[in-house]
Amino acid sequence: LSYLLRQIIDEYRPARMKAAADFLEREKADAEYLQRVKDLKSEVLSHGLESVPSSLREHSSSLAFYHTLMSELPERLTDNKDAMAELALQIDDTVKNHVVVDWQNRPDAQNDIKNAVEDALFESGLDIELDTLDCILDLILQAARHHHAK
């Protein structure tokens, strides 16, 4: 009888151990999923500001220019986020200095802004391809229309 009981337990044990291991694996996956959801919640509640340099958090127009630079420039040029933040702040100052009344409807004023921003980009020392530069200038002008209406 003892032998039969031991045999039943020995047959049952591997299945129970596998079930326990599967349970632990599911628990670990659930914990990882929960952490990802919490991280996303935090990012949403902070409006995506946790991942940008602190110098930009109070400057919505500079933040828009920063996102333009980060999305349009190759990664090799944007690995220094603080330098990109400084450049975005500089671009914002450049745009502010060139905004005039009704600039959104004046091609000459828009060209002045584009030229000044282009100069700032060249002075930064970044090696930007011309097609990329044109795209960046257009996107910066678009963001400026929203953030610097006059």
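To start, this report covers the structure provided alongside it. What you see as residue numbers is a count from 1 along each chain, following the sequence as written. Whole-chain, interface and lining totals are the exception, using all residues; otherwise, since this is a predicted model, local features are given only for residues with pLDDT of at least 70 and side-chain atom pairs are given and counted only at 80 or more. The basis for the side-chain values is all heavy atoms of the structure; hydrogens and waters are excluded.

**Quick notes on helix H2 (residues 60-72)**
The α-helix advances 3.6 residues per turn, and as a result positions three or four apart in sequence lie on the same side. For the record, the criterion: The numbering of helices and of strands both runs from the N terminus, where a helix is a DSSP run of H or I of at least 4 residues and a strand a run of E of at least 2. One fewer than the residue count of a helix, multiplied by 1.5 Å, yields its expected span. Between two residues, a contact is recorded if the distance between any of their heavy atoms is within 4.5 Å.
Taking 1.5 Å as the rise per residue, H2 with 13 residues should run 18 Å; its terminal C-alpha atoms sit 18 Å apart, in good agreement. For H2, the secondary structure elements touched by its buried residues are helix H3 (81-98), helix H4 (107-123) and helix H5 (130-147).

**Quick look at the side chain of Ser61**
Note the cut-off: Categorising residues by exposure relies on relative accessible area from a 1.4 Å probe, with only protein chains included: less than 20% of the type maximum marks a residue as buried, more than 50% marks it as exposed, and the intermediate range marks it as partly exposed.
Tracing the sequence through the fold places Ser61 in helix H2. Residue Ser61 is classed as buried on the basis of its relative accessible area of 8%. Filtering out sequence-adjacent residues up to four positions away, Ser61 remains in contact with Asp92, His147 and His148.

**With respect to the packing of H4 against H5**
Applicable threshold: With axes taken as lines fitted to C-alpha atoms, and helix axes fitted only over the stretch in contact, angles between N-to-C directions fall between 0 and 180 degrees. Angles below 35 degrees are treated as roughly parallel, those above 145 as roughly antiparallel, those between 65 and 115 as roughly perpendicular, and all remaining angles as oblique. In this scheme the handedness of a crossing depends on how the near helix is turned from the far one: anticlockwise by less than a right angle means left-handed, clockwise means right-handed. Asp, Glu, Lys and Arg are counted as charged, while Ala, Val, Leu, Ile, Met, Phe, Trp, Tyr, Cys and Pro are counted as nonpolar; the rest, among them Gly, fall into the polar class.
At their nearest, the axes of H4 and H5 sit 10 Å apart, and the two run at 125° to each other. Looking at the two axes, H4 sits oblique to H5. In this structure, H4 crosses over H5, and the sense of that crossing is right-handed. Here Gln110, Ile113, Lys114, Val117, Glu118, Leu121 and Phe122 of H4 come into contact with H5, specifically with Leu133, Ile136, Leu137, Asp138, Ile140, Leu141 and Arg145. Grouping the constituent residues of the contact of H4 with H5 by class yields nine nonpolar, one polar and four charged.

**So, the pattern of salt bridges**
To keep things clear, this is the line we draw: Take a side-chain nitrogen of Lys or Arg and a carboxyl oxygen of Asp or Glu: if they are within 4 Å of each other, that pair is a salt bridge.
In this structure the tally under the stated criterion is four salt bridges. A salt bridge links Asp92 to Lys96; its shortest N-O distance comes to 3.6 Å. Taken together, the residues span about one helical turn, with Asp92 and Lys96 both in helix H3 at a distance of four residues. Given a relative accessible area of 2%, Asp92 falls into the buried group. With its nearest N and O atoms 3.3 Å apart, the salt bridge here joins Arg106 to Asp108. When its relative accessible area of 32% is taken as the criterion, Arg106 is described as partly exposed. According to the relative accessible area criterion, Asp108 is partly exposed, its value standing at 42%.

**Let's talk about the environment of Gln7**
Mapped onto the elements, Gln7 comes out in helix H1 (residues 2-45). Judged by relative accessible area, Gln7 falls into the partly exposed class, the value being 33%. For the pair Gln7 and Thr68, spaced 61 residues apart in sequence, the C-alpha to C-alpha distance is 69 Å.

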